[in-house]
Protein chains: 2
Amino acid sequence: MNQMDGMNYAPKGKPKPVVKEGEFVFSAAHLDHGHIYGMTNALLEAGGTLRYVYDPDEEKVARFLKTYPQAKAARSEEEVLGDPGAHMVAGAAVTSERGPFGLRVMDAGKDYFTDKAPFTTMEQLERARQKVKETGKKYMVYYSERLHVEGAVLAGYLVESGEIGKVISVTGFGPHRLGAAGRPAWFFEKERYGGILCDIGSHQIEQYLYYAGEKAAKVQLSRIGNYAHPQYPELEDFGDCAITGENGTTNYFRVDWFTPDGLRTWGDGRTFIVGTEGFIEIRKYIDLAGQETGGNHVYLVNGKGEKHLDATGVTGYPFFGALILDCLNRTENAMTQEHAFLAAQLCLEAEAQAVRV
Amino acid sequence: MNQMDGMNYAPKGKPKPVVKEGEFVFSAAHLDHGHIYGMTNALLEAGGTLRYVYDPDEEKVARFLKTYPQAKAARSEEEVLGDPGAHMVAGAAVTSERGPFGLRVMDAGKDYFTDKAPFTTMEQLERARQKVKETGKKYMVYYSERLHVEGAVLAGYLVESGEIGKVISVTGFGPHRLGAAGRPAWFFEKERYGGILCDIGSHQIEQYLYYAGEKAAKVQLSRIGNYAHPQYPELEDFGDCAITGENGTTNYFRVDWFTPDGLRTWGDGRTFIVGTEGFIEIRKYIDLAGQETGGNHVYLVNGKGEKHLDATGVTGYPFFGALILDCLNRTENAMTQEHAFLAAQLCLEAEAQAVRV
């Protein structure tokens with residue numbers, strides 16, 4: 001894990017293959033966001049076999065091949081999509097291109113696994129919904145701040161096992177370091193990155209729906225602002241949002257690009273889950289001013305007392321193996337298509353109706 | 001500090017008198033909420049001289065006299081109000097009675113210091129505003145979760161000294177233990193306690209206005225619910241609220257009555273202050289699963305690094321000495337009247353416009 005840059009956050013876990021070599025084949029195409037490394041690591045650890053890599057930028061391909069020498073550089077997107085042996089194409093395109101690329105992937109008869117946020121417009125989402133219906137293929141999303149964080153995985157187990165009773169409220173903080181110098185131009189163009197609530201907000205909404213078990217929800221308030229970056233007029237350096245689920249659970253989250261240089265990691269991401277019988281706090285990436293730099297600190301408080309659980313190395317990342325099996329067996333155990341789309345829809349709604357502060 | 005019951009939270013600090021014996025005289029009347037002990041402790045430590053105590057319930061008076069044997073039991077409220085020597089009357093009446101009692105105190109030519117929340121209706125607030133104008137007296141409020149918490153005081157100093165740049169967002173969690181068996185009947189009657197956003201929400205709003213330096217603000221969303229206490233239909237066991245200040249800062253807070261029995265104190269109160277150059281977290285009453293049971297943990301992160309500051313015994317509670325001097329000198333250094341009223345107004349607005357979840 002690169003401690004200094006959320007963009008290159010690419011956790012490595014223990015190999016836990018769910019299939020044998022060659023049973024599940026995937027390619028990687030469009031490497032605009034560093035998350036493609038986290039996605040590829042996770043699919044490989046779960047037993048996936050990496051075939052092609054493609055990006056119009058040769059430098060990006062060269063870097064990818066250095067990390068994954070087993071991949072073969074494709075000459076075009078068509079070569080990737082035309083490969084009859086691959087089950088899935090993983091991509092981390094510029095955000096506004098993720099939807100259109102996904103349609104091409106599904107049209108080629110493959111499941112699609114995209115970096116978040118999966119869309120920048122409601123129209124893209126609607127087309128993807130339609131294409132999933134038409135083709136029966138999957139449009140899955142790398143909501144890394146839950147799926148690729150062991151503390152978040154452990155919290156899910158604790159909620160599921162009833163440790164805090166019925167969940168009533170989820171609050172999330174998703175601060176990130178800007179590191180403007182290392183960001184590509186599209187990162188600062190709203191039409192291409194989609195806005196802060198769409199971009200890093202998508203993680204937060206997905207987490208809420210998951211922990212609260214909500215299958216429908218409504219954005220009640222959202223705010224965006226640019227407090228301190230006039231040189232990037234289309235950047236939103238702050239956003240927050242309140243959502244109510246159909247079962248009456250509540251969510252609030254705040255995202256920002258204000259992680260100061262003195263923090264030892266890229267962001268002090270937190271999740272707070274309040275239940276009728278207790279609560280959970282996840283300190284995802286760091287314990288402030290603590291002795292060690294690792295994350296995955298889970299605090300559980302209920303009728304039995306207070307517990308600190310260090311989830312590092314404990315849970316692994318079960319999503320990815322489950323995803324591979326879902327693709328092979330046409331099941332929905334890792335994540336339902338509707339859950340992935342609902343999180344996407346709500347982050348688009350949050351962005352669209354945001355009050356500017 | 002009683003670790004188990006927020007109702008009896010009555011911090012004791014070091015004496016730091018700002019006046020000599022007899023220079024500032026106060027009485028205590030209406031002892032319905034245990035906060036009167038915190039208020040009395042603080043005024044005594046700041047050099048105040050306690051004269052009368054009054055409550056219609058003799059048991060409450062006897063308990064008070066046991067703690068403060070120097071007080072004299074008054075036979076009636078009139079005896080307290082008629083005392084020509086007292087500068088101030090402190091009270092912790094049933095919430096809905098705090099406004100009307102304040103009018104009588106100011107009419108008697110004394111400053112009033114009430115437990116929070118200071119009002120349950122907008123009409124009470126308007127009458128108090130009017131009476132302050134008429135009499136020139138003060139209607140001050142014991143917003144204890146900032147004024148009587150050294151971690152919160154230290155955070156104020158850090159903000160003021162520019163350690164995190166310009167404040168852009170304040171988030172607060174104010175969970176409390178219900179301890180229903182020890183609560184009086186009025187605690188469960190909405191007309192008398194005012195609702196959760198009015199009651200324990202008032203602390204949160206006051207803190208936001210203070211840390212963000214806002215002098216006007218608008219409630220943008222508020223929610224209330226009763227998730228798990230059907231036996232108390234008028235109890236709101238959950239509330240949250242989002243406010244935007246006129247300078248564009250944002251606030252969100254959540255309050256609830258879900259502190260589980262396993263927590264070693266009455267609530268895991270937190271405040272998170274995000275600035276353009278860093279952020280602060282206050283763990284007010286406990287460090288979860290930590291070695292010690294004390295609170296006042298302040299975490300400061302900015303360009304210089306991460307720091308943990310233990311504020312216990314460091315700052316004291318400067319509000320109370322400043323309040324005494326404000327009363328004697330007719331200044332507003334401890335807190336302006338408008339600030340106290342604005343926090344009250346916003347919590348009434350939050351309660352009035354709350355969406356029920």
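Residues numbered from 1 in each chain as written. Chains lettered and ligands numbered in written order. Predicted model: local features only at pLDDT ≥ 70, side-chain atom pairs only at ≥ 80, totals over all residues. Heavy atoms only, no water.

J.: Which parts of the structure should I look at to understand the domain arrangement of chain A?
T.: Interfaces are often sized by the amount of accessible area the parts lose when they come together. All names here are of chain A. The assigned domain composition of chain A is domain 1 (6-145 + 318-335) and domain 2 (149-315 + 348-356). A separation of 24 Å is found between the C-alpha centroids of domain 1 and domain 2. Listed by partner, the interface residues are 24 residues for domain 1 and 27 residues for domain 2. Each partner contributes to the roughly 2100 Å² buried at the junction of domain 1 and domain 2, and carbon and sulfur atoms together form 60% of this total. Taken together, the connections running from domain 1 to domain 2 amount to one salt bridge. (Domains from an automatic or database assignment. Contact = heavy atoms within 4.5 Å. Buried area = accessible area lost by both parts, 1.4 Å probe. Salt bridge = Lys/Arg side-chain N within 4 Å of Asp/Glu carboxyl O.)

J.: Help me understand helix H11 (residues 337-352) of chain B, please; the structure alone is not making it clear to me.
T.: Count 3.6 residues to each turn of an α-helix, and residues three or four apart come out pointing the same way. All names here are of chain B. In this model H11 runs 22 Å from its N-terminal to its C-terminal C-alpha over 16 residues, within 8% of the 22 Å that 1.5 Å per residue would give. In terms of residue burial, H11 counts as a mostly covered element, since twelve of its 16 residues are buried. Within H11, the full set of buried residues consists of Gln 337, His 339, Ala 340, Phe 341, Leu 342, Ala 343, Ala 344, Leu 346, Cys 347, Leu 348, Ala 350 and Glu 351. (Helix = DSSP H or I, 4+ residues; strand = E, 2+ residues; numbered from the N terminus. Expected span 1.5 Å × (residues − 1). Buried < 20%, exposed > 50% of the residue type's maximum accessible area, 1.4 Å probe, protein only.)

J.: Is there a simple way to explain the sheet that holds strand E14 (residues 305-310) of chain B in this structure?
T.: Within a sheet, each strand pairs with its neighbour through backbone hydrogen bonds, oriented either parallel or antiparallel. All names here are of chain B. Reading across the sheet, the nine strands line up as E14-E13-E12-E11-E7-E10-E9-E8-E15 and stay open at both edges, with mixed pairing between neighbours. Looking at the sheet topology across the chains shown, the edges are occupied by E14 and strand E15 (355-356). Pairing of strand E7 (residues 167-175) with strand E11 (residues 270-275) involves six bridges; the strand directions are antiparallel. Bridging across to E11, Phe 173 finds its partner in Arg 270. Strands strand E8 (217-225) and strand E9 (238-245) of the sheet are contacted by H11, whose axis makes an angle of about 50° with E8. (Pairing = 2+ DSSP bridges. Axes fitted to C-alpha atoms, helices over the stretch in contact; angles between N-to-C directions.)

J.: Whenever I open this one, the packing of helix H5 (residues 122-135) of chain A against helix H11 (residues 337-352) of chain A confuses me. Can you help?
T.: Between two packed helices, what matters for the description is the angle formed by their axes and the separation of those axes. Residues and elements named next belong to chain A. Running from N to C, H5 and H11 point in directions that differ by 165°, and their axes come no closer than 10 Å. Here H5 lies roughly antiparallel to H11, going by the angle between them. With respect to the hand of their crossing, H5 and H11 are arranged in left-handed fashion. In this structure, H5 contributes Met 122, Leu 125, Ala 128, Arg 129 and Val 132 to the contact, and H11 contributes Gln 337, Glu 338, Phe 341, Gln 345, Leu 348 and Glu 349. Among the residues making up the contact of H5 with H11, the classes are represented as six nonpolar, two polar and three charged. (Parallel < 35°, antiparallel > 145°, perpendicular 65-115°, else oblique. Left-handed = near helix turned anticlockwise from the far one by under 90°. Nonpolar A, V, L, I, M, F, W, Y, C, P; charged D, E, K, R; others polar.)

J.: I'm lost on the interface of chain B and chain A in this one. Help?
T.: Counting residues at the interface gives 53 residues for chain B and 53 residues for chain A. Regarding the contact of chain B and chain A, the summed buried area is about 3900 Å², with carbon and sulfur atoms giving 65% of it. Counting every contact that joins chain B to chain A gives four salt bridges. The salt bridge involving Glu 281 of chain A is made with Arg 270 of chain B; its shortest N-O contact spans 2.5 Å.

J.: Can you walk me through the relation of the copies chain B and chain A in this structure?
T.: Relating one copy of the chain to the other takes a rotation about an axis and a shift parallel to that axis. Between chain B and chain A, the superposition needs a rotation of 180° and an axial shift of 0.0 Å, giving an RMSD of 0.0 Å. Here the copies are linked by what is in effect a two-fold axis. For chain B, the minimum C-alpha distance to the rotation axis belongs to Leu 221 of chain B and amounts to 3.4 Å. Both copies share a contact surface, since 100% of the interface residues of chain B are interface residues in chain A too. (Least-squares fit on C-alpha atoms with pLDDT ≥ 70 in both.)

J.: Please explain the confidence of the model for chain A as it appears in this structure.
T.: Caution applies to low-pLDDT parts of the model: their predicted coordinates are not meant to be read in detail. When pLDDT is averaged along chain A, the result is 96, and 98% of the positions lie at 70 or above. Note on the complex model: pTM 0.97, ipTM 0.96. (pLDDT = per-residue confidence, 0-100.)

J.: What is the right way to read the side chain of Glu 145 of chain B from this model?
T.: Residue and element names in this part refer to chain B. Among the secondary structure elements, Glu 145 is positioned in helix H6 (residues 144-147). Here Glu 145 occupies a buried position and makes no salt bridge, while the nearest side chain of opposite charge, Lys 284, is found at 4.5 Å. For Glu 145, the side chain forms a polar contact with the side chain of His 176, separated by 3.0 Å. If sequence neighbours within four positions are ignored, Glu 145 has contacts with Ala 152, His 176, His 203, Gln 204, Gln 207, Trp 266, Lys 284 and Tyr 285. (Lys, Arg positive; Asp, Glu negative; His and termini not counted. Polar contact = N/O pair within 3.5 Å; in protein donor to acceptor, adjacent residues only side chain to side chain.)

J.: What should I look at first to understand the environment of Glu 79 of chain B in this one?
T.: Residue and element names in this part refer to chain B. Mapped onto the fold, Glu 79 is located in helix H3 (residues 77-82). Using a relative accessible area of 17% as the deciding quantity, one classes Glu 79 as buried. Each C-alpha atom, one on Glu 79 and one on Leu 342, is 32 Å from the other, the two residues being 263 residues apart in sequence.

J.: Where do I start with the packing of aromatic side chains in this structure?
T.: The description of an aromatic ring pair uses the distance of the two centres, along with the angle that the planes make with each other. All names here are of chain A. Throughout the structure, instances matching the rule amount to 47 aromatic pairs over all chains. Judged by centre distance (5.7 Å) and plane angle (50°), the rings of Tyr 139 and Phe 341 are tilted. Residue Tyr 139 is located in strand E6 (residues 139-142), and its partner Phe 341 is located in helix H11; the two are separated by 202 residues in the primary sequence. Residues Tyr 139 and Phe 341 agree in their burial class; the two are buried. The structure contains a cluster of three or more aromatic residues connected by ring pairs, namely Phe 101, Tyr 112, Phe 119, Tyr 139 and Phe 341. (Phe/Tyr/Trp six-rings, centres within 6.5 Å; stacked < 30°, edge-to-face > 60°.)

J.: Could you clarify how one ought to interpret the environment of Pro 69 of chain A in this entry?
T.: With respect to the helices, strands and loops of the structure, Pro 69 of chain A is situated in the loop between helix H2 (58-67) and strand E3 (72-73). Put simply, Pro 69 of chain A and Leu 50 of chain A are 19 residues apart on the chain and 9.7 Å apart in space, counted from C-alpha to C-alpha.

J.: Before we go on, may I ask you to explain the sheet that holds strand E4 (residues 88-91) of chain A in this structure?
T.: All names here are of chain A. Strand order in the open sheet made by the six strands is E3-E2-E1-E4-E5-E6, with parallel pairing throughout. Only two strands of the sheet have a single neighbouring strand rather than two, namely E3 and E6. Packed on one face of the sheet, helix H10 (residues 318-329) meets E4, strand E5 (111-115) and E6 and runs near 155° to E5.

J.: Explain the environment of Glu 206 of chain B to me, please; I cannot follow it from the model alone.
T.: Residue and element names in this part refer to chain B. Within the element layout of this structure, Glu 206 appears in helix H9 (residues 201-212). Taking the relative accessible area as the measure of exposure, Glu 206 reaches 0% and is therefore buried. Here the alpha-carbon distance between Glu 206 and Leu 342, two residues 136 residues apart in the chain, equals 8.2 Å. Sequence-distant contacts of Glu 206, that is, excluding residues within four places in its chain, are made with Tyr 143, Arg 146, Met 335, His 339 and Ala 343.

J.: When you look at the pattern of salt bridges in this model, what are you seeing that I'm missing?
T.: Between side chains of opposite charge, a pair can form when the charged atoms approach closely. Applying the stated criterion across every chain, the model contains 53 salt bridges over all chains. Between Glu 206 of chain B and Arg 146 of chain B there is a salt bridge whose closest N-O contact spans 2.7 Å. Residue Glu 206 of chain B is found in helix H9, and its partner Arg 146 of chain B is found in helix H6; the two are separated by 60 residues along the sequence. The class of Arg 146 of chain B is buried, set by a relative accessible area of 8%. A network of salt bridges, in which partner residues are shared, links Asp 268, Arg 270, Glu 281, Arg 283 and Asp 287 of chain A together with Asp 268, Arg 270, Glu 281, Arg 283 and Asp 287 of chain B.

J.: I would appreciate a short explanation of unusual backbone geometry in the present structure.
T.: Across the chain, the bulk of peptide bonds are trans and the bulk of non-glycine residues have phi less than zero. Here Lys 116 of chain A and Ala 117 of chain A are connected by a cis peptide whose omega angle stands at -20°. When you line up the elements, Ala 117 of chain A lands in the loop between E5 and H5. The phi dihedral of His 30 of chain B falls on the positive side, at around 70°, and the residue is not glycine. By secondary structure assignment, the location of His 30 of chain B is in the loop between strand E1 (25-29) and helix H1 (35-45). Given a relative accessible area of 12%, His 30 of chain B falls into the buried group. For Arg 330 of chain B, which is not glycine, the phi dihedral falls at a positive 55°. Mapped onto the secondary structure, Arg 330 of chain B falls in the loop between helix H10 (318-329) and H11. Accessibility expressed as a relative area gives 38% for Arg 330 of chain B, which makes it partly exposed.

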